[in-house]
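Residue-level structure breakdown
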Amino acid sequence: MPENITTQLVVLGGGPGGYAAAFLAAERGLKTTLIDAAPKPGGACLHVGCIPSKTLLHAAGVVTTARDAAAFGIKFARPEIDLATLRAKGNKIVDTHASHLLELCKKRGVTHVEGRGIFTGPKLIEVDDGPEVTFDHCIVATGSSPTKLPTLSLDSPRVMDSTAALALESVPATLLVVGGGYIGLELGTVYAALGSKVTCVELTGNLLPGVDVDLVRPLANRLKSQFDKIHLSTKVTKIAEAKGGIRATLEGEGAGDLVFEKVLVAVGRRPNSAGFGLDQAGVEVTDKGFVKVDEQRRTSNPHIFAIGDVAGEPMLAHKAAHEGKLAVQVIMGEPMVWEPRAIPAVVFTDPEIAWAGLTETEAAKENREVRVARFHWAASGRASTLGRSDGLTKILVEPKSDQVLGVGLCGPGAGELISEAVVAIEMGATSKDLALCIHPHPTLTETISEAAETLHGLSSHIYVQKKRIL
Ligand code: NAD
């Protein structure tokens, strides 16, 4: 049996939240142990989420960029897709980063323990086939897993969750994507570019429910030509084995019985909070399964903190990393609380959609008065040079103070552009500040300054009637 461990901090879960916390704690001088079931850190994000999906989305982007080049007079032959090489490229990227993380554990003096940890007391974790770990403080960073609906659970290699879809075993001739959320649309985009006829079925009346409809529109329009079919307000109620595929029963606007070679179920994720003894440690969980935390990410056991997907929405890696670092600083006695004004969100489809701070949907729900500036990318020279003038940039400001409350973007590179918005919102900038900052020409960043300029009578490329100007 391995030797038992006594540690000042144990982090349970080695994803982007967990390892960020463990590394900072070790840098600050805490004796730190990181427990993860996988041999190398990285969590779902690195091993079966963000990084493999973005590798595949890059490959998909190459295919569509080559196809779109025809509009510029450049024609390529149909791409030959070598799945084994594509898989190997993805695996190599993941393994390089995972190995680097393991190396960083060693360099920083973090004890990495491979195994599943289970709480057996308020200050004790037992690791399967591993040591007992006694701790002063603990950070729970156990993440989330794909939601399994009983009606859509079928033990068949033809039915995939996001992890199986990322393994890219084959490119099916027909693919049903259940769920028009982040994962359904990102992975649907990948499979469509690689040659599958994709049908996407979404329960609600819109793709990406909850995201501002005007930001989703350019994506929805483009997906119409990339996907075979999109059925909104439609529910997949049943799936069953059929000859040569899976028969899916659809109810609602797209009602029918259809057979697909493969099915991807992407109907959300749920927190990993069960099965590892949180109750033994006196840690309470909400009825949705999230660990209850206060504004310092402290749980109902004052020695235990929880961060990332298991501690609440939004389930995003960068939110987890920041919470992890916050928890460590709180443990070190610093007077910190969780109070971000803007957590950026990016959907890595083509076009990308990104937003930060207040959205128009939230403002309407809260009955909050806002001024909204819109800059349609048809007026952007740079967007036209890319053949992508269907994008949109919008800025929400507080009407009296002109303070920027939120920014939304749809277009290629939106995920990179959104960081300017995060800085503006966090620094309390006004839209006039954005308008007066010189943005380089010709770039897509100008869509942010020009959107701001429309509020102050300064926009060159968008005509705004005088009465609308402050
Ligand atoms: P999601 O909540 O984004 O979307 C799930 C969709 O499935 C919803 O639109 C829902 O209405 C629909 N749905 C549910 N049951 C259905 C049924 N029976 N038939 C048809 N549609 C149905 O969830 P997801 O796409 O699985 O992603 C989970 C989480 O993972 C996201 O919330 C996000 O936080 C995270 N994620 C982030 C990124 C990113 O940052 N780019 C990428 C992937 C995942």
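Sequence order sets the numbering: in each chain, residues are counted from 1 along the sequence as written. Totals for whole chains, interfaces and linings use every residue, but because this is a predicted model, local features are given only for residues with pLDDT of at least 70 and side-chain atom pairs only at 80 or more, for both listing and counting. Calculated side-chain values reflect all of the structure's heavy atoms, with hydrogen atoms and water omitted.

Description of the packing of aromatic side chains
Between 30 and 60 degrees the pair is tilted, below 30 it is stacked and above 60 it is edge-to-face, where a pair is any two Phe, Tyr or Trp rings, Trp via its six-membered ring, whose centres lie within 6.5 Å. Counted according to the given criterion, the structure contains four aromatic pairs. Arranged with centres 5.7 Å apart and planes meeting at 45°, the rings of Tyr19 and Phe23 form a pair that is tilted. Taken as a pair, Tyr19 and Phe23 lie in helix H1 (residues 16-27) at a separation of four residues, close to a single helical turn. You can call Tyr19 partly exposed: its relative accessible area is 22%. The buried label applies to any residue whose accessible area, calculated with a 1.4 Å probe on protein chains only, is under 20% of its type's maximum; exposed applies above 50%, and partly exposed to all values in between. By relative accessible area, Phe23 is classed as buried at 7%. Secondary structure elements follow DSSP: runs of H or I no shorter than four residues count as helices, runs of E no shorter than two count as strands, and numbering proceeds from the N terminus.

Focus: the site of the ligand
Nearness here has a simple test: a residue counts as near a molecule or strand if at least one of its heavy atoms is within 4 Å of that partner. The local shell around the ligand holds 22 residues, among which Ile183, Glu202, Gly268, Met315 and Val346 are the closest. Polar contacts, as counted here, are pairs of nitrogen or oxygen atoms within 3.5 Å of one another; within protein the pair requires one atom able to donate a hydrogen and one able to accept it, and residues that are adjacent in sequence qualify only if both atoms are side-chain atoms. Within the contact set of the ligand, an oxygen atom lies 3.2 Å away from a backbone nitrogen or oxygen of Tyr182. At 2.9 Å from an oxygen atom of the ligand is found a main-chain nitrogen or oxygen belonging to Gly268. In short, Shrake-Rupley with a 1.4 Å probe defines the accessible areas, and a residue's cover is counted only from the protein chains shown. For the ligand, the protein covers 82% of the area, taking 850 Å² as the surface of the free molecule. Secondary-structure elements contributing two or more residues to the shell around the ligand are helix H6 (182-194) and strand S12 (234-242).

Points about the domain arrangement of the protein chain
Taken as a whole, the protein chain is organised into domain 1 (4-146 + 270-331), domain 2 (150-267) and domain 3 (345-453). Once you take the C-alpha centre of each, domain 2 and domain 3 turn out to be 30 Å apart. Contact between two residues is taken to exist if any of their heavy atoms lie within 4.5 Å; hydrogens are not considered. At the junction of the two partners, domain 2 supplies 15 residues and domain 3 supplies 21 residues. Buried area is understood as the total, over both parts, of accessible area removed when two parts are fitted together, assessed with a 1.4 Å probe. For domain 2, the biggest contributors to the area lost against domain 3 are Asp212, Leu215 and Arg222; these three give 36% of the whole. For every domain, the bounds stem from an assignment made automatically or drawn from a database.

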